[in-house]
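# What the coordinates show
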Amino acid sequence: MPEVKASRYSPWAQELESTSIWQIAARLPALVVTALRWSWRASSRDTAATLGLNVAAGVFTAFGLIAVAGVLESLFSAGPTPDRVRAALPSLLLVAGAAVTRGALAAGGGWAQARLAPQVERAVELELFRLTSRIRLEAFDDSDFADTMYRARDRGTREVARMVIHTVDVLTALIGLVAVAGVLSVLHIVLLPLLILTVLPDGWAAVRAARIRYAKLREMTTTRRREVIIGDLLADRSSAAELRAYNMRPFLLDQYKATADHVRDALLGVARRQALVRSTGDAVSGAATGLTYTALGGLLVTGATPLSVAGTAVLAIRQGQTSLSQLLSSVNACYESGLFFYDFLEFCEQARTRFPEPASRALPGPLEVLSTRGLVFAYPGADEPALRGVDIEIRRGEVVALVGENGSGKSTLARLLSGLYTPQSGAVLWNGVDLATVVPEEYRARVGLISQDYTQWPLSARRNITMEESSDDTRLQRALKLSGADEVVAELPHGLDTLLDKRFVDGADLSGGQKQRIAAARGLYRDADLVVADEPTAALDARAEHRLFDTLHSAAAERTVLLITHRLASVRMADRIYVLDHGRVVEEGTHWQLMALPNGHYRQLFSLQADAYTGVTVPVHQEES
Ligand SMILES: Nc1ncnc2c1ncn2[C@@H]1O[C@H](COP(=O)(O)OP(=O)(O)OP(=O)(O)O)[C@@H](O)[C@H]1O
């Protein structure tokens, strides 16, 4: 299967192949400006310091090179050597001064740069999750958009800070090149071993700084995993419905912020320690640079090392080569980051087009009647609509059942009635008011959804049921009892306070049926007008199933119940049954009315099930066709 074999990056790789380097280079300046804008928003002070200090360090590198040229000019002039060395002394002092200043500026710039990365990453990721938790639910069924979202999450968010850093590198290397061009006519030479000595302390500092970062990241593995898990809940298909149904967005965003703040603070600590190590390395390197020039002076005074024109030229060329290769590699890095960053920007743009339509109307009182009018809904990219003009009605206090074969559209209809999907045409009406005009959070708060694909949240059992910080004990105990979740909680090591996630210490895992009981308790706990139960008993044992159906039927005394199930024996008592087939309501009525239809769809399905239990067949006339 090609889609399984393809690498995760294949969409990106394809785009890369079809986009020429010039096209990407042309959009690079705009990307750099956008990245700088993000960075400025995250921390204007650190952005300014990163740019200012690094560019200033580049200027001092160039200045040092020009000062070296001055030294050489004095040394190569006519006259006795001691006089020439003396004449070179002011330039030598300038060289040393430039090196120290450059070192200090680069250390400051490096610190600001290291501070910037976690701050920009946090700001960008928070924006990503603000978008993923706000987009319409059907956006998760659009595979192209899912790819865009994955690429944005996988690398895109990290690349903004890198773009800023690579931009600085490009500017610095450019300044170095200009300086080399200016002094190419001047000749100079440096002793190789001493030059290596000037590089070694910096190398040590770089290794040490990398180790500090690695050790911290390792220590924070669990925290970072937690961050990823919360992030997944905010952006994953599996939790998207309940996140919306139970208005979990503010809570999860707060949780994410708290964890992300912890990671950010730890990384700022790493940045401080790294800056210390790097400045130590830079100081030793600076001293070694001074030593190099002192030794060079000594060698010249003693006449031990004659300077040759060729050697000096080689040095100047080498410097030029270094600046050039730096420029190339930073442009390359900028280009690479730009690709990933573009993914992120593309995602933001696409996500904003998938926000729910703004609605401001309040819910018009408690539910009297919920109805649909010509409801049509197609999933993104689907050839056929899942619902093709559905009209149903649910009145207060009724138990209404939706039945039909797999894929007939029951869950889709339930989600539209729960306000999770928006119809392409037609409307869902609450007391006659179109739900598209009502504030979604207000409506969703009046619906208790027992979802077919429920989420087990990595929270305590209590929070898994209440889905809100405060809990009403009377309602909680009632929901536990009605759903049979009381038996589940009784077996948990810390009762309602047990964490329902095996991935953490003291976390507990539940069986499929136990999870379903908790999900049922969640729908029953909510003080809702309408309970939507979509296959609420699929994983339950016979006793629990019987109990829950009894509960749902008696719950209708205070609430309205929409029940979707394949256990047709349980819908016999429903006030009305709608039979769906290929996205249409094909039959409607009570159990006995539907059983009276000679070739009825419901009658066929019911008789098949009844047969399996009793061996008694209700006669079914096969359609003649
Ligand atoms: N996320 C989705 N993306 C695209 N198509 C979907 C999606 N979910 C369902 N469908 C399609 O929509 C149609 C209706 O599906 P739906 O889940 O509403 O059926 P159902 O009656 O609830 O089925 P079941 O009894 O198996 O739960 C089916 O053809 C299904 O393949």
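Residues numbered from 1 in each chain as written. Predicted model: local features only at pLDDT ≥ 70, side-chain atom pairs only at ≥ 80, totals over all residues.

Quick look at the overall build of the protein now. Scanning the protein for helices and strands turns up 21 helices and eleven strands. Considering the protein as a whole, with its 625 residues, one finds that 40% of them fall into the buried category. Once local pairs closer than 6 in sequence are excluded, the contacts in the protein between residues at least 24 apart make up 79%. (Helix = DSSP H or I, 4+ residues; strand = E, 2+ residues; numbered from the N terminus. Buried ≥ 20, exposed ≤ 12 C-beta atoms within 10 Å, placed from the backbone. Contact = placed C-beta atoms within 7 Å.)

With that out of the way, let us pick up the site of the ligand. In the vicinity of the ligand, the contacting residues are Asp 141, Tyr 379, Ala 382, Ala 386, Gly 404, Asn 406, Gly 407, Ser 408, Gly 409, Lys 410, Ser 411 and Thr 412. It is helix α13 (residues 410-417) that provides the largest number of residues to the shell around the ligand, a total of three residues. Split into classes, the residues belonging to the shell around the ligand amount to three nonpolar, seven polar and two charged. (Near = placed C-beta within 6 Å. Nonpolar A, V, L, I, M, F, W, Y, C, P; charged D, E, K, R; others polar.)

Those places that UniProt annotates as "transmembrane region" (unreviewed entry) correspond, in this numbering, to residues 51-72, 92-112 and 163-184. Measuring from the first to the last C-alpha atom of residues 92-112 gives 30 Å, for a span that is 100% helix and 0% strand. (UniProt positions renumbered as here; feature names shortened; annotations may be inferred.)

A separate point is unusual backbone geometry. For Asn 247, which is not glycine, the phi dihedral falls at a positive 50°. With respect to the helices and strands, Asn 247 occurs in the loop between α10 (237-245) and α11 (249-302). For Asn 247, a count of 16 C-beta atoms within 10 Å puts it in the partly exposed group. Of note, Met 467 is a non-glycine position whose phi angle comes to about 60°, a positive value. With respect to the secondary-structure elements, Met 467 resides in the loop between α15 (461-466) and α16 (473-483). For Met 467, a count of 20 C-beta atoms within 10 Å translates into the label buried.

A few words on the packing of α16 against helix α18 (residues 512-525). For the pair α16 and α18, interaxial distance at closest approach is 8 Å and the crossing angle is 135°. Taken together, the axes of α16 and α18 are oblique relative to one another. Considering only the axes of α16 and α18, their crossing is right-handed. Residues Arg 475, Leu 476, Ala 479, Leu 480, Leu 482 and Ser 483 of α16 lie in contact with α18, whose contacting residues are Arg 517, Ala 520, Ala 521, Leu 524 and Tyr 525. (Axes fitted to C-alpha atoms, helices over the stretch in contact; angles between N-to-C directions. Parallel < 35°, antiparallel > 145°, perpendicular 65-115°, else oblique. Left-handed = near helix turned anticlockwise from the far one by under 90°.)

It is worth spelling out α16 at this point. Looking only at α16, the buried set comprises Ala 479, Leu 480, Leu 482 and Ser 483. After α16 finishes, the residue Gly 484 shows a positive phi value of roughly 80°.

As a further point, take the sheet that holds strand β8 (residues 530-534). Judged by pairing direction, the sheet is mixed, and its six strands sit side by side in the order β7-β8-β9-β4-β10-β11 without closing on themselves. One side of each edge strand has no neighbouring strand; the edge strands of this open sheet are β7 (447-450) and β11 (584-589). Across the sheet, the mean angle from the axis of one strand to that of its neighbour is 15°, orientation sign disregarded. Sitting on the sheet, α18 touches β7 and β8, and the angle it makes with β7 is about 170°. (Pairing = 2+ DSSP bridges.)

Sheet analysis places strand β10 (residues 576-581) next to β11, joined by five bridges and oriented antiparallel. Note that in β11 the partner of Ile 577 across the bridge is Gly 589.

Here we come to the nonpolar core. Counting residues in hydrophobic clusters, the biggest one holds 145 residues, and the most contacted among them are Val 532, Leu 562 and Leu 563. The dominant element in this core, judged by the number of residues it contributes, is helix α5 (residues 81-132), at 19 residues. (Core = buried A, V, L, I, M, F, W, Y, C linked by C-beta atoms within 7 Å.)

This next bit is on the confidence of the model for the protein. Residues with a pLDDT of 70 or more make up 80% of the protein, whose mean pLDDT is 80. Scored below 50 in pLDDT, residues 1-17 shows five contacts in the model against residues more than four places distant or in partner chains. Scored below 50 in pLDDT, residues 184-192 makes 27 contacts in the model with residues more than four places away or belonging to other chains. (pLDDT = per-residue confidence, 0-100.)

Before going further, it helps to examine the pairing of strand β5 (residues 425-430). As paired elements, strand β1 (residues 369-377) and β5 share five bridges and run antiparallel to each other. Following the sheet pairing, Val 376 is matched in β5 by Ser 425. Where β5 meets strand β6 (residues 433-434), two bridges bridge the pair, whose relative direction is antiparallel. Counted as the bridge partner of Leu 429 is Asp 434 from β6. The antiparallel hairpin formed by β5 and β6 contains two residues in its connecting segment, where Asn 431 sits at a positive phi of about 50°.

Before going further, it helps to examine the environment of Asp 46. Relative to the assigned elements, Asp 46 resides in helix α4 (residues 44-76). Take Asp 46: there are 22 C-beta atoms within 10 Å of it, and that puts it in the buried class. With 67 residues separating them along the chain, Asp 46 and Gln 113 place their C-alpha atoms 7.0 Å apart. Other than its neighbours up to four places away in sequence, Asp 46 contacts Ala 112, Arg 115, Leu 116 and Gln 119.

Glancing now at the environment of Val 120. Mapping Val 120 onto the fold places it in helix α5. Each C-alpha atom of the pair Val 120 and Trp 38 lies 7.0 Å from the other, and the pair is 82 residues apart in sequence. Excluding residues that lie within four positions of it along the chain, Val 120 makes contacts with Trp 38, Ser 39, Ala 42, Val 160 and Ala 161.

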